[in-house]
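Residue-level listing of the chains:
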Amino acid sequence: MLNQRVIEFGGSTRSPDRLLEADCVEAQAGLVDESLDLIYMDPPFGTGIVRKSGDANYDDRLSDPDLFLEWLAPCLTGCHRLLKPSGSLFVHLDYRTVHYVKVQLDRLFGRQHFVNEIIWCYSVGGKSRRSFGKKHDTILWYAKSSDYLFFPQEVAVPRKGSSHMRVVMDEDGKPVQEKTDRKTGKVYRYPISAGKVPEDWWTDIETLNHSDRERVGWPTQKPSRLLERIIKATTEPGQRVADWFSGSGTTAVTAQRLGRSFTVTDRSPEAISCAVERLQAQGSMLAGQGQAPPNLVIEGPLLSRQEGASGTRQEC
Ligand SMILES: C[S@@+](CC[C@H](N)C(=O)[O-])C[C@H]1O[C@@H](n2cnc3c(N)ncnc32)[C@H](O)[C@@H]1O
């Protein structure tokens, strides 16, 4: 039986944010077709181990890529059904399964709706004497249709001084990067202050280290800045973001901070508990600043274990 709890932040008239303790496919079954603007998902990577961090853990033992794909495929199908025509799907994986999932997504969404293969680079992790260091994850971006939303200026990054272009002052005395096309002689100018649209390889967002203040102890917690770039690039305030593998709630917490609505799920009650704690703390802070987020509805069979709202601190 499903229990429900509501955390009221008092203020916003937007429809509530939702946090469900459920299997990904079961959670999708209750949702209306074409109702989501963005789906980000960070499923287990098929590492063959139980991922642990302190007391928190989740099962990541499905290491055969064919079986992994068989398991994930119904969830990917559900994503296609639930996205609005202007919506986007981001699937976060690594070298173990990404090629299998890419082929499945090409079939499901159509190859013409593949937008980017984002390479998220980081420096932490082990080294090997038998191969180059494996220091990146891959995030596949698919659009539901050719009319997908993209707001590149919302995620502009600074232009690097070491670029191949020369820096000169424009007529107003402002620095611009400049290059001349050798064939045509045409001069291209890019104001430094406008920044630039990031490439499809991201080296400027590091994984969370042990002393990071953002870290809550959930294994493989992703940095909020990573979700911020994805959410800002593809949604407008008030639109709805989903994540079926919420873990510590990074997608939900980032969406709440950026004024987007969210529906997120995880099958682990400990993960839900962890996300509730983060959302409640941030929601109360935003309400105190006069920017109350929508109420938060939490649903799940084991809800009585999630006592964040009554003031008991849960370790996650
Ligand atoms: C890689 S972690 C997500 C981490 C998250 N992005 C964060 O920043 O904390 C994967 C999550 O998927 C959840 N999970 C695994 N199988 C699931 C399923 N069938 N349905 C829903 N959640 C599942 C696990 O409990 C785990 O929390």
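What you see is a predicted model; the values in this text were computed from it and never measured. Every residue gets a number counted from 1 within its own chain, in the order that chain's sequence is written. Per-residue local features of the predicted model are confined to residues with pLDDT of at least 70, and side-chain atom pairs are confined, for both listing and counting, to 80 or more; whole-chain, interface and lining totals are unaffected and use all residues.

As a further point, take the overall build of the protein. Helix numbers and strand numbers start at the N terminus; a helix is a DSSP run of H or I with at least 4 residues, a strand a run of E with at least 2. Looking only at helices and strands, the protein has six helices and 15 strands in total. Note on method: radius of gyration uses C-alpha positions; expected globular size equals 2.2 Å times residues raised to 0.38. Its C-alpha radius of gyration of 21 Å places the protein within 12% of the 20 Å reference for a compact globule of 316 residues. Here the C-alpha coordinates of the protein stretch approximately 70 × 50 × 40 Å along the principal axes. Burial is judged by counting the other C-beta atoms within 10 Å of a residue's own C-beta: 20 or more makes it buried, 12 or fewer makes it exposed, and any count in between marks it as partly exposed, with every C-beta position built from the backbone. Residues counted as buried form 34% of the 316 residues belonging to the protein.

Before going further, it helps to spend a moment on the site of the ligand. Around the ligand sit 20 residues in total, of which Asp 42, Phe 245, Gly 247, Ser 248 and Thr 250 are the nearest. Of the residues contributing to the shell around the ligand, the split by class is eight nonpolar, seven polar and five charged. Only the C-beta atom, placed from the backbone, is used; a residue is near a molecule or strand if that atom lies within 6 Å of it. Residues are grouped as follows: nonpolar covers Ala, Val, Leu, Ile, Met, Phe, Trp, Tyr, Cys and Pro; charged covers Asp, Glu, Lys and Arg; every other residue, Gly included, is treated as polar.

Moving on, we come to unusual backbone geometry. We note that Glu 34 has phi near 50°; this positive angle belongs to a residue other than glycine. Tracing the backbone through its elements, the reader meets Glu 34 in the loop between α1 (24-29) and β3 (36-41).

A pair of strands is considered paired only if DSSP assigns at least 2 bridges between the two. Across the sheet, which stays open at both edges, the 10 strands sit in the order β1-β15-β2-β14-β13-β3-β6-β8-β7-β12 with mixed pairing between neighbours. Only two strands of the sheet have a single partner each, and these edge strands are β1 (3-7) and β12 (201-202). Bridge count between strand β7 (residues 114-121) and β12: two bridges; the pairing is parallel. Counterpart to Ile 119 in the pairing with β12 is Trp 201. Strands β1, β2 (17-21), β14 (261-266) and β15 (296-300) of the sheet are contacted by helix α6 (residues 269-288), whose axis makes an angle of about 170° with β15. Residues are scored as being in contact if the C-beta atoms we place from backbone atoms lie within 7 Å. For every element, the axis is a line fit to its C-alpha atoms; helices are fit only across the contacting stretch, and the angle between N-to-C directions ranges from 0 to 180 degrees.

For the rest of this paragraph, the subject is the pairing of strand β10 (residues 175-180). Pairing analysis gives four bridges linking strand β9 (residues 166-169) to β10, with the strands arranged antiparallel. Its bridge partner being in β10, Met 169 is matched across the sheet by Pro 175. Linkage of β9 to β10, two consecutive antiparallel strands, is achieved through a turn of five residues, within which Gly 173 is found at a positive phi near 80°. Note: β10 against strand β11 (residues 187-191), five bridges, orientation antiparallel. When the sheet's bridge partners are listed, Gln 177 is paired in β11 with Tyr 190. Two successive antiparallel strands, β10 and β11, enclose a turn made up of six residues, where Gly 185 displays a positive phi of approximately 80°.

All right, on to the packing of helix α4 (residues 224-234) against helix α5 (residues 250-257) then. Two elements in contact, α4 and α5, have axes whose closest approach is 9 Å; the angle formed by their N-to-C orientations is 60°. The pairing of α4 with α5 is recorded here as oblique in orientation. Pair α4 / α5 crosses with right-handed handedness. For the pair α4 and α5, the contacting residues are Ser 224, Leu 227, Glu 228 and Ile 231 in the first and Thr 250, Thr 251, Val 253, Thr 254 and Ala 255 in the second. Tallied by class, the residues present in the contact of α4 with α5 amount to four nonpolar, four polar and one charged. Here roughly perpendicular refers to angles of 65 to 115 degrees, roughly parallel to angles under 35, roughly antiparallel to angles over 145, and oblique to all remaining angles. Handedness of a crossing follows from how the near helix is turned relative to the far one, being left-handed for an anticlockwise turn of less than a right angle and right-handed for a clockwise one.

To continue, consider α4. Buried residues of α4: Leu 226, Leu 227, Arg 229, Ile 230, Ile 231, Ala 233 and Thr 234, and no others. Buried-residue contacts for α4 involve β3, β6 (83-93), β7, β13 (240-243) and α5.

One frequently used descriptor of interface size is the decrease in accessible area upon assembly of the parts. Domain boundaries shown here were taken from an automatic or database domain assignment. For the protein, the assigned domains read domain 1 (3-157 + 197-310) and domain 2 (167-196). The C-alpha centroid of domain 2 is placed 38 Å from the C-alpha centroid of domain 1.

Once that is clear, we can look at the confidence of the model for the protein. Every residue gets a pLDDT, meaning the predictor's confidence in that residue, from 0 to 100. Across the protein, the average pLDDT comes to 91, with 94% of residues at or above 70. Counted against residues more than four places away or in other chains, residues 306-315, with its pLDDT under 50, gives 20 contacts.

Attention now goes to the sheet that holds β11. Pairing within the open sheet is antiparallel, and its three strands lie in the order β9-β10-β11. On the outer flanks of this sheet lie β9 and β11, each paired with one strand and no other. Between one strand axis and the next, the sheet turns through 40° on average, direction left out of account.

For Lys 174, the position within the fold is in the loop between β9 and β10. With 75 residues separating them in the primary sequence, Lys 174 and His 99 have C-alpha atoms 45 Å apart. Not counting residues within four places of it along the chain, the set of residues in contact with Lys 174 comprises Met 169, Pro 191 and Ser 193.

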